[in-house]
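Coordinate inspection notes
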Amino acid sequence: MPVPFRDLTAGDGDEAAGYLRFIDEPDGKGIRGALFIVSSRGQPVDFSFTRIDVHSGFLWRAGEARRQAVTSLTKALFQAATRVPDVILALANEVPPRVFTEDLEVGVPLCRVTMAEMTVQAGSEEEERLSDSVNLFWVNGRPPPESPSRSLIEALNGRQLLTEPFDRASIGMQEAFDS
């Protein structure tokens, strides 16, 4: 006789969140980037990574060489993705606001995440305070309450998984590049 049970994952949809992560290389000559896509339960769905050299800073205006490198990495990561996430998150201290307001237009909801630190916000970004320590800066508008993107953000936040995948993306890059 089977044990009675109820599958709590049966109601989970196919929603997935993409996490962009960018880490400066120790020698300062390059940046490593990753796009880590997870399910609403934080399970890995896709992971792509790459790196790029950062051009010599003295010829560029302050911050522009890094911004250009992050833009190039983002294009490569988006092209390598095997799945389109329902929402994309990036750390605000790693991605200048102009990347997604002047360089790239993304067709899915995208937000830059800040965790208790001050950050530069573009005038067109819509701020959403999730907690005392987490703010979202929506690049292309906050998703409507009934949207899969909003449900996904709420599910990840409720499971305390809204920011944790950034750490796993960092660990994945370290393992991929340093092995």
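Because the structure is a prediction, the values reported are computed rather than measured.

Parameters at a glance
Residues numbered from 1 in each chain as written. Predicted model: local features only at pLDDT ≥ 70, side-chain atom pairs only at ≥ 80, totals over all residues. Heavy atoms only, no water. Helix = DSSP H or I, 4+ residues; strand = E, 2+ residues; numbered from the N terminus. Core = buried A, V, L, I, M, F, W, Y, C linked by side-chain atoms within 4.5 Å. Buried < 20%, exposed > 50% of the residue type's maximum accessible area, 1.4 Å probe, protein only. Expected span 1.5 Å × (residues − 1). Arc of directions from axis to C-beta. Contact = heavy atoms within 4.5 Å. Phe/Tyr/Trp six-rings, centres within 6.5 Å; stacked < 30°, edge-to-face > 60°. Pairing = 2+ DSSP bridges. Axes fitted to C-alpha atoms, helices over the stretch in contact; angles between N-to-C directions.

Next up on the list: unusual backbone geometry. The backbone of Gln160 sits at a positive phi, close to 55 degrees, despite the residue not being glycine. Topologically, Gln160 is positioned in the loop between α3 (148–158) and α4 (164–178).

Before going further, it helps to spend a moment on the environment of Gln79. Secondary-structure assignment places Gln79 in helix α1 (residues 64–80). In this structure, the C-alpha to C-alpha distance between Gln79 and Ser48, residues 31 residues apart in sequence, is 9.8 Å.

Counting 20 residues, the largest nonpolar core has Leu20, Phe22, Val95 and Phe100 as its most contacted members. Among the secondary structure elements, those contributing two or more residues to this core are β1 (16–24), β2 (30–39), α1, β4 (87–91) and α2 (98–103). It is α1 that contributes the most residues to this core, 4 residues altogether. Counting residues in hydrophobic clusters, the runner-up holds 19 residues, among them Ile153, Leu156, Leu162 and Ala169.

All right, on to α4 then. Between its terminal C-alpha atoms α4 stretches 22 Å, which fits the 21 Å expected from 15 residues at 1.5 Å a residue. Buried within α4 are the following residues: Pro165, Phe166, Ala169, Ser170 and Met173. Projected onto a plane normal to the axis of α4, the buried residues spread over an arc of 150 degrees and lie on a single side. Away from its buried face, by an angle of more than 90 degrees, α4 presents the exposed residues Ile171, Glu175 and Asp178. Of the surrounding elements, those touching the buried residues of α4 are β1, β2, β3 (44–53), β4 and β5 (110–115).

Here we take up the packing of aromatic side chains. Counted under the stated rule, the structure contains 4 aromatic pairs. Aromatic pair Tyr19 and Phe166: ring centres 4.9 Å apart, planes at 85 degrees, arrangement edge-to-face. Taken together, the residues Tyr19 in strand β1 and Phe166 in helix α4 connect sequence positions 147 residues apart. By relative accessible area, Phe166 is classed as buried at 1%. Relative to Phe49, the ring of Phe47 lies with its centre 5.6 Å away and its plane at 35 degrees, an arrangement referred to as tilted.

Burial analysis of β1 places 7 of its 9 residues in the buried class, which makes it a mostly covered element. In this structure, β1 lies alongside β2, joined through 9 bridges in antiparallel fashion. In the sheet register, Ala16 faces β2, and the bridge partner there is Ser39. In terms of strand pairing, β1 meets β4 through 4 bridges, oriented parallel. Paired with Leu20 across the strands is Ala90, a residue of β4.

Let us now look at the sheet that holds strand β7 (residues 134–138). Here 7 strands make up an open sheet; going across it, the order is β3-β2-β1-β4-β5-β7-β6 and the pairing mixed. Each end of this open sheet is capped by a strand with a single partner; those strands are β3 and β6 (126–129). Going across the sheet, the axis of each strand differs from the next one's by a mean of 25 degrees, ignoring polarity.

Tracing the chain through its elements places Arg32 in strand β2. Between the C-alpha atom of Arg32 and that of Phe22, which follows or precedes it by 10 residues, the distance is 5.6 Å. If we skip the residues at most four places from it in the chain, Arg32 touches Arg21, Phe22, Ile23, Glu25, Thr50, Arg51, Leu73, Met173, Phe177 and Asp178.

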